[in-house]
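Coordinate inspection notes
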Amino acid sequence: MITRIVTVAEGARLTRSVSIGTHHLTADEPEPIGADEGPTPGELLLAALGSCTSMAVRALADRHDWPLDRIDVAVRFGEQGDIVKNVGLTGDLEPAQREQLLAAAGRCPVHRLLAREAKIVTVPALLAEPEGSHV
C-alpha cells in the first residue's frame, strides 16, 4: 500500500485539520461535543474502507472487462462494535463474476489491515517550542 504522511493539526474545540499530501479535509465531532465541521474520525475510517472496497472491485471488473455498471458500498458500525459493509453490484454479471467481485471486496488493503487488527505504535515526538516560551 502506497501512503503519504498524514498530519493532523488542532483547531477550535475538537475540530482537526487533516493534511494528506496536497489534500486537506476536516475531522470533528457532532454538536454538542464538537462543532460538526466534518466527519468524525470513525466515519473517516469507514470512508477509507468503503472507498478501498469500491476501488478493488472496480479494478477487478475492469481488468477482466466484466459488465459491472455500478458498485455501491455502504459501511457502518454495528451494534457489537463490528463493521458492517454492504456491497451492491449492478450489471449483467454471471454468478461466478459476482462471487469473484464480492471476494475482491474483502481483499482490499484497508479491509485486510482492519481484519488483522494492525499493531499501532505510538512514538513521542519532540516538537520545537517557539522562542520566548521557556517555562
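Residues numbered from 1 in each chain as written. Predicted model: local features only at pLDDT ≥ 70, side-chain atom pairs only at ≥ 80, totals over all residues. Heavy atoms only, no water.

Digging into the domain arrangement of the protein
- You can read the domains of the protein as domain 1 (1–38) and domain 2 (40–117).
- Taken over C-alpha atoms, the centre of domain 1 sits 24 Å from the centre of domain 2.
- The partner domain 2 presents five residues to the seven residues of domain 1 that form the contact.
- Summed over both partners, the interface of domain 1 with domain 2 buries about 430 Å², with 79% contributed by carbon and sulfur atoms.
- Where domain 1 packs against domain 2, one counts zero salt bridges.
- Summed over the shared surface of domain 1 and domain 2, the number is one residue pair in polar contact (both at pLDDT 80 or more). (Domains from an automatic or database assignment. Contact = heavy atoms within 4.5 Å. Buried area = accessible area lost by both parts, 1.4 Å probe. Salt bridge = Lys/Arg side-chain N within 4 Å of Asp/Glu carboxyl O. Polar contact = N/O pair within 3.5 Å; in protein donor to acceptor, adjacent residues only side chain to side chain.)

Notes on the pattern of salt bridges
- Under the counting rule described, the total for this entry stands at three salt bridges.
- Note that Arg-58 is salt-bridged to Asp-62, the shortest N-O span being 3.4 Å. Highlighted residues: Arg-58 and Asp-62, both in helix α1 (residues 41–64), separated by four residues, approximately one helical turn.
- The shortest N-O distance in the salt bridge between Asp-72 and Arg-70 comes to 2.8 Å.
- Residue classification places Asp-72 among the partly exposed residues on the basis of a relative accessible area of 34%. (Helix = DSSP H or I, 4+ residues; strand = E, 2+ residues; numbered from the N terminus. Buried < 20%, exposed > 50% of the residue type's maximum accessible area, 1.4 Å probe, protein only.)

Overview of α1
- For α1, built from 24 residues, the straight-helix expectation of 34 Å at 1.5 Å per residue is met to within 8% by its first-to-last C-alpha distance of 35 Å.
- Contact partners of the buried residues in α1: β4 (68–77), β5 (83–91), α2 (95–105) and α3 (109–115).
- Positive backbone phi, at 55°, marks Asp-65, one or two positions downstream of α1. (Expected span 1.5 Å × (residues − 1).)

Description of the packing of α1 against α2
- Closest axis-to-axis distance for the α1/α2 pair is 8 Å, and the angle between their directions is 145°. Two packed elements cross with a definite hand, and for α1 against α2 that hand is right-handed. Contacts between α1 and α2 involve Thr-53, Ala-56, Val-57, Leu-60 and Ala-61 on the former and, on the latter, Gln-100, Leu-101, Ala-104 and Ala-105.
- When its residues are assigned to classes, the contact of α1 with α2 shows seven nonpolar, two polar and no charged. (Axes fitted to C-alpha atoms, helices over the stretch in contact; angles between N-to-C directions. Left-handed = near helix turned anticlockwise from the far one by under 90°. Nonpolar A, V, L, I, M, F, W, Y, C, P; charged D, E, K, R; others polar.)

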